[in-house]
Amino acid sequence: MAKLGFFEKIKAGLAKTRDVLTMDLNDLFSKKVIDKDLYDKLEELLIGADMGPQFTYDLIDDVKKRVSRQDLQNADEIKKVMQERMNGILQKVDKPLIIPKGKPFIIMTIGVNGSGKTTTIGKLAGSLKSDGYEVMLVAADTFRAAAVEQLEIWGKRVGAPVIKQKTNADPAAVVFDAMAKIKTGYSGVVIVDTAGRLHTRVNLMEELKKVKRVINKEMPELLPEILLILDATTGQNAVSQAKTFKEEIGATGIVLTKLDGTSKGGVLVRIASELALPVRYIGVGEGLDDLRVFDSADFTKAILD
Ligand SMILES: Nc1nc2c(ncn2[C@@H]2O[C@H](COP(=O)(O)OP(=O)(O)OP(=O)(O)O)[C@@H](O)[C@H]2O)c(=O)[nH]1
Ligand SMILES: [Mg+2]
């Protein structure tokens, strides 16, 4: 099979979202008349696609104004307005992660269990390696028995060493080991895997705060990237999760994973407008090649064109 081009791959990954959105939009616009029924259906559709109430009502207000000014003559044009507004929101969070070469750089992942942290780390490590970076992985998920093993499998696959201790070791101690390694002159990208699964949310947050404290204390001159990993298939739950992590730990960037498995890819619009954090990458599959640098124009085009 021919290797899909960069954009085709994103488009394929977002197929479920595109199918539902464009099919419903096309149905909606087939009658070519703008009336109350159309507004109601449009509202239902956008809320159903998890785009969030703010985007939905702002869009409808905008459309109503344009219709009353007679700027909008038929329903097809609404799609264009929607595209513009989506771009407007997504452009603001379109800030790729810039990683310097020849200097240490720390990425700490955070997110609830199963959101895709470890897989994202594997994919990211692979892509950084092929871009010529040195990469080291840190197994700070010491809670789940198989977690270290899972990270090691990725490490072997992409050729990145893994810093680890025993299951149930203090995650902060594992990170401390990694910081010691940096102090000996390591100048690659250090990616820290963390647990998502603890008995209580409070424990998890305290553990993550402690890991972050160790990074900040040992390497005060480095500004770590705190990458919040969110699962798109959980739709609007991803938004409330994200808020909790942002408030409690602080995050500097987002990765939205599993876009290939959902028709709710529109949730990114909601995440972007409610969290205002840079979206660094999107996950469109489980394979090594399935992490993409987020590009707002490609994203909008892939789900609306
Ligand atoms: N389809 C699809 N599956 C994904 C993607 N990212 C991760 N997964 C799958 O989601 C599942 C959970 O991924 P993990 O990387 O183990 O998630 P985690 O956040 O590390 O989970 P914990 O370690 O339990 O907290 C795995 O089966 C992954 O293969 C994606 O972009 N697309
Ligand atoms: Mg994991």
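Only a predicted model underlies this, so the values are computations on that prediction, with no experimental measurement involved.

Colleague: Which residues make up the pairing of strand 6 (residues 253–257), and what values do they have?
Modeller: With five of its five residues buried, strand 6 lies for the most part within the structure. On strand 6, burial covers both faces: Gly253, Val255 and Thr257 on one face and Ile254 and Leu256 on the other are all buried. Of the strand pairs in this sheet, strand 5 (residues 225–231) and strand 6 are connected by five bridges, and their pairing is parallel. Residue Leu228 lies in a different strand from strand 6, and its bridge partner there is Ile254. Assessed by its sense of winding, the connection that carries the chain from strand 5 through helix 10 (residues 236–248) to strand 6 is right-handed. Both strand 6 and strand 7 (residues 279–283) contribute to a ladder of three bridges, which runs parallel. Opposite Leu256, over in strand 7, you have Ile282 as the bridge partner. In this fold, strand 6 hands off to helix 11 (residues 267–275), which returns the chain to strand 7; that crossover is right-handed.

Colleague: Tell me what's going on with the sheet that holds strand 2 (residues 135–140), and back it up with residues and numbers.
Modeller: Taken in spatial order, the eight strands line up as 3-2-4-1-5-6-7-8 in an open sheet, and their pairing is mixed. Whereas interior strands pair on both sides, the edge strands pair on one side only; in this sheet they are strand 3 (162–163) and strand 8 (291–293). Bridge count for strand 1 (residues 105–110) against strand 5 is four bridges, and the pairing is parallel. Bridge pairing in strand 5 links Thr109 to Leu227. Its contacts with the sheet put helix 9 (residues 201–218) on strand 1, strand 2, strand 4 (189–194) and strand 5, and the angle it makes with strand 1 is roughly 175°. Along the sheet, helix 10 contacts strand 1 and strand 5; its crossing angle with strand 5, the most-contacted strand, is approximately 160°.

Colleague: Let's hear about the environment of Phe6: which residues, and what values?
Modeller: As for its position among the elements, Phe6 is in helix 1 (residues 6–13). As a C-alpha pair, Phe6 and Asp298 span 292 residues in sequence and 9.7 Å in three-dimensional space. In this view, Phe6 contacts Arg292 and Asp298; residues no more than four positions away in its chain are not counted.

Rules used throughout
- Residues numbered from 1 in each chain as written.
- Chains lettered and ligands numbered in written order.
- Predicted model: local features only at pLDDT ≥ 70, side-chain atom pairs only at ≥ 80, totals over all residues.
- Heavy atoms only, no water.
- Buried < 20%, exposed > 50% of the residue type's maximum accessible area, 1.4 Å probe, protein only.
- Helix = DSSP H or I, 4+ residues; strand = E, 2+ residues; numbered from the N terminus.
- Pairing = 2+ DSSP bridges.
- Right-handed = clockwise from strand over helix to strand, strands pointing away.
- Contact = heavy atoms within 4.5 Å.
- Axes fitted to C-alpha atoms, helices over the stretch in contact; angles between N-to-C directions.

Take it as geometry only, folks, not as evidence of what the structure does.
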